[in-house]
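A closer look at the structure
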Amino acid sequence: MLESDTYGGVGVGFLKYVREEIRIIRERDPAIHSAWEVFLYPSFCVMMHYRVAHRLYLSGHYFWARYISQRGARKTGIEIHPGARIGSGFFVDHGNGVIIGETAVIGNNVTLYQGVTLGGTGKEQGKRHPTIEDNVMISAGAKVLGSFTVGENSKIGAGSVVLSAVPPNSTVVGVPGRVVRRDNQPLPRETMDQNLPDPVKEDIMDLQKANSELINRVLELEEQMKRIQKKEKETL
Ligand SMILES: CC(C)(COP(=O)(O)OP(=O)(O)OC[C@H]1O[C@@H](n2cnc3c(N)ncnc32)[C@H](O)[C@@H]1OP(=O)(O)O)[C@@H](O)C(=O)NCCC(=O)NCCS
């Protein structure tokens, strides 16, 4: 993970950085055919802006930091707050609709797809955005909301909404997100409980309770009827 605010890249020379980007993009996008195409990638463009914006942010030039980052956002559809901390080997495939919040921390070799939000819930102060550890992949359209950590080597499925911490080496899918694989093994359903409220399960349990109360009441009434019929027979 990141050790300081000099995120991988800020202190690195431009050529070295471009070479690194070419390597990352060729490694992660099978659709690339030549090194020159790297210059057309939104991920490359936005990271050029982010490198400058983040440096300005760290030196307290918040207006110019945001100015640069907004220019990058307009060109690429990827909005990275200049305060976010991003490790080396970061790649956003396609790009449109990606938002990364101010207090997000992203480790090394993280991949995001289009439509990903690393955002806040609106309920937290201070650190409001997630920490994404090394080698995490966050699929298209996934929303990761809150100040928790997504553990290293995890995968977040397309369209998931993740609202709580994810252990390392996990696959999370669904809304709200639940862990379905850990350490490459499917997870049995009974261990999937992440203390998230499940309104459908609660409704079913209420219905089951009401049903057993009704059955007990019917049995009681049947007993009473039998006793009354017995008494009537005896008095005849
Ligand atoms: C999550 C993902 C990365 C697969 O990870 P994985 O660890 O290999 O997990 P699996 O494929 O074994 O799936 C595990 C379970 O989750 C389910 N699942 C997978 N992705 C899901 C999703 N996005 N939403 C809901 N359920 C999903 C699978 O059906 C499977 O369920 P089962 O165990 O009942 O059969 C992949 O499904 C995904 O979402 N990829 C999208 C990548 C992307 O954004 N591409 C865009 C390119 S433009």
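Computed from a predicted model, the values in this text were never measured in an experiment. (Residues numbered from 1 in each chain as written. Predicted model: local features only at pLDDT ≥ 70, side-chain atom pairs only at ≥ 80, totals over all residues. Heavy atoms only, no water.)

Residue-level pLDDT values for the protein average 89, and 91% of them are 70 or greater. Here residues 3-11 is modelled with pLDDT under 50, and outside its nearest four sequence neighbours on either side it reaches 18 contacts, counting other chains as well. (pLDDT = per-residue confidence, 0-100. Contact = heavy atoms within 4.5 Å.)

Further remarks concern unusual backbone geometry. Of note, the bond from Val-175 into Pro-176 is cis; its omega dihedral lies within 30 degrees of zero at -10°. The residue Pro-176 is located in the loop between β14 (170-173) and β15 (178-182) in this model. With a phi close to 55°, Asn-109 is a non-glycine residue in the positive phi region. Given the relative accessible area of 31%, Asn-109 is considered partly exposed. In this model, Asn-153 sits at a positive phi of 65°, which is unusual for a non-glycine residue. On the basis of relative accessible area, Asn-153 is assigned to the partly exposed category, the value being 33%. (Helix = DSSP H or I, 4+ residues; strand = E, 2+ residues; numbered from the N terminus. Buried < 20%, exposed > 50% of the residue type's maximum accessible area, 1.4 Å probe, protein only.)

With that settled, consider the site of the ligand. Around the ligand sit 13 residues in total, of which Ser-139, Ala-140, Gly-157, Ala-158 and Thr-171 are the nearest. Contacts to the ligand include Thr-171, whose side-chain N or O atom sits 2.5 Å from an oxygen atom. Against a free-state accessible area of 930 Å², the protein chains account for coverage of 48% of the ligand. Listed by contribution, the elements that provide at least two residues to the shell around the ligand are β14 and β15. (Near = heavy atom within 4 Å. Polar contact = N/O pair within 3.5 Å; in protein donor to acceptor, adjacent residues only side chain to side chain. Areas by Shrake-Rupley, 256 points an atom, 1.4 Å probe, with all protein chains shown as cover.)

This next bit is on the pairing of β14. Every other side chain in a regular strand lies on the same face of the sheet, so the side chains alternate between the two faces. Direction of pairing for strand β12 (residues 155-156) relative to β14: parallel, over a ladder of 2 bridges. By the bridge assignment, Lys-155 is partnered in β14 with Thr-171. Of the strand pairs in this sheet, β14 and β15 are connected by 4 bridges, and their pairing is antiparallel. Its bridge partner being in β15, Thr-171 is matched across the sheet by Arg-181. In textbook terms, the turn of a hairpin is the stretch between consecutive antiparallel strands, and for β14 and β15 this stretch comprises 4 residues, one of which, Gly-174, has a positive phi near 95°. (Pairing = 2+ DSSP bridges.)

Another point: the sheet that holds strand β16 (residues 185-186). The strand order across the open sheet formed by 7 strands is β3-β6-β9-β12-β14-β15-β16, and the pairing between neighbours is mixed. Looking at the sheet topology across the chains shown, the edges are occupied by β3 (91-92) and β16.

Reading across from one edge, β1-β4-β7-β10-β13 is the order of the 5 strands in this open sheet, with parallel pairing throughout. The sheet terminates laterally at β1 (78-80) and β13 (161-162), the two strands that pair on one side only. Alignment of strand β7 (residues 117-119) against strand β10 (residues 143-145), held across 3 bridges, turns out to be parallel. Among the inter-strand pairings, Gly-119 is bridged to a residue of β10, identified as Leu-145.

Attention now goes to the packing of aromatic side chains. Summed over all chains, the structure comprises 8 aromatic pairs. Seen from their ring centres, Phe-63 and Tyr-67 are 6.4 Å apart, and the 20° between their planes marks the pair as stacked. Pair noted here: Phe-63 and Tyr-67 are both in helix α3 (residues 62-76), with a separation of 4 residues, about one helical turn. Residue Phe-63 is classed as exposed on the basis of its relative accessible area of 58%. Between Trp-64 and Tyr-67 the ring centres are 5.4 Å apart and the planes differ by 75°, which places this aromatic pair in the edge-to-face class. (Phe/Tyr/Trp six-rings, centres within 6.5 Å; stacked < 30°, edge-to-face > 60°.)

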